[in-house]
Amino acid sequence: MNDTTRLRPREHGAYAMLTFPVLSGLLLGGVSWPGAAFAVMVGAGFLGHESVLLVLGGRGERLRAAHRPAARARLLRLGLVGAAAAAVFAGSAPDGAWVPAALTALLGAVVAGILLAGRTRSLGGELLVAAAFASAHGPVAASGGAGGAAVYLPVAAWTVSFALATLAVHSMKYRFKGRGPGRWTVAAAPAAALGAMLAGAAAVAAALPWWAGAASLFPKALVVLVLAVLTLHPRNLKRVGWTLVAADTLTLVLLAALAG
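One structure accompanies this document, and this report is about it. (Residues numbered from 1 in each chain as written. Predicted model: local features only at pLDDT ≥ 70, side-chain atom pairs only at ≥ 80, totals over all residues. Heavy atoms only, no water.)

### A word on the side chain of serine 161
Here is step 1: Along the chain, serine 161 turns up in helix H8 (residues 149-177).
Here is step 2: A polar side-chain atom of serine 161 sits 2.7 Å from a polar atom in the side chain of lysine 220.
Here is step 3: If near-sequence neighbours (up to four positions away) are discounted, serine 161 is found in contact with Leu217, Lys220 and Asp248. (Helix = DSSP H or I, 4+ residues; strand = E, 2+ residues; numbered from the N terminus. Polar contact = N/O pair within 3.5 Å; in protein donor to acceptor, adjacent residues only side chain to side chain. Contact = heavy atoms within 4.5 Å.)

### Brief notes about the packing of helix H2 (residues 12-29) against helix H3 (residues 33-55)
Here is step 1: Relative to each other, H2 and H3 sit at 175°, their axes nearing to 11 Å. The pairing of H2 with H3 is recorded here as roughly antiparallel in orientation. Each of Ala14, Tyr15, Leu18 and Val22 in H2 lies in contact with H3, whose residues at this interface are Ala39, Val42, Gly43 and Phe46.
Here is step 2: Here the residues of the contact of H2 with H3 are counted per class, giving 7 nonpolar, 1 polar and no charged. (Axes fitted to C-alpha atoms, helices over the stretch in contact; angles between N-to-C directions. Parallel < 35°, antiparallel > 145°, perpendicular 65-115°, else oblique. Nonpolar A, V, L, I, M, F, W, Y, C, P; charged D, E, K, R; others polar.)

### Some words on the packing of H2 against helix H6 (residues 123-134)
Here is step 1: For the pair H2 and H6, interaxial distance at closest approach is 8 Å and the crossing angle is 30°. In this view, H2 runs roughly parallel relative to H6, as classed from their interaxial angle. On H6, the residues that touch Ala14, Met17, Leu18 and Pro21 of H2 are Ala130, Phe133 and Ala134.
Here is step 2: Grouping the constituent residues of the contact of H2 with H6 by class yields 7 nonpolar, no polar and no charged.

### With respect to helix H11 (residues 218-230)
Here is step 1: For H11, built from 13 residues, the straight-helix expectation of 18 Å at 1.5 Å per residue is met to within 8% by its first-to-last C-alpha distance of 18 Å.
Here is step 2: Taken residue by residue, H11 has Pro219, Lys220, Ala221, Val223, Val224 and Leu227 as its buried positions.
Here is step 3: Looking one or two residues past H11, threonine 231 carries a phi angle of roughly 55°, positive in sign. (Expected span 1.5 Å × (residues − 1). Buried < 20%, exposed > 50% of the residue type's maximum accessible area, 1.4 Å probe, protein only.)

Structure follows, in structure tokens:
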């Protein structure tokens, strides 16, 4: 395995968690220089985390010895890109983008701490990572001129959506391995999905202010409920992953249509 391949993030679901909030931010707020810069900054941080783990020895001493020079060079390049993007954002972001940007920065700092502690694969760590990725919608949307519900509702929707997916995957693994922190997710995943659907239906019926965000969760919640019924083996995780991505695509369409 060459350096380029080895240093790519291996958490495939995280690519979707990064992409969808950025896309919804661009759709609801419009394309802008500070929004694009913020997206690049977040992307650089994500692409660099595997190199950080490798340099710190989190992937083992053998891989550290073999790939450390390449990892350091990659971190330098991504650091320069991230710093340049941060400078563009800082110099051009409108006032309304700073509060959601601060939220993303705070969550990012927590995730960095979890990464250094080697806890990103724990259920709690994965849920915090999901929230951090979801929060990227806010600064991107606000940078393009969006405000109010168009900034914060999708953040909440993506957080719940990604949390549902995380619970579903942990539930699948626990049902076949029978150990680990996922025991309670066997019941929590379908219960949370059903709760999201009922909350969405109630919000739509009552025309509550947050009805658009709640309604957009129907596709993901339905998929998670079906997964709970099917009891699929973890060998099907790749197919499950693409199904969850398809559900997130529908959520993106609904957010663009209803929350704009």
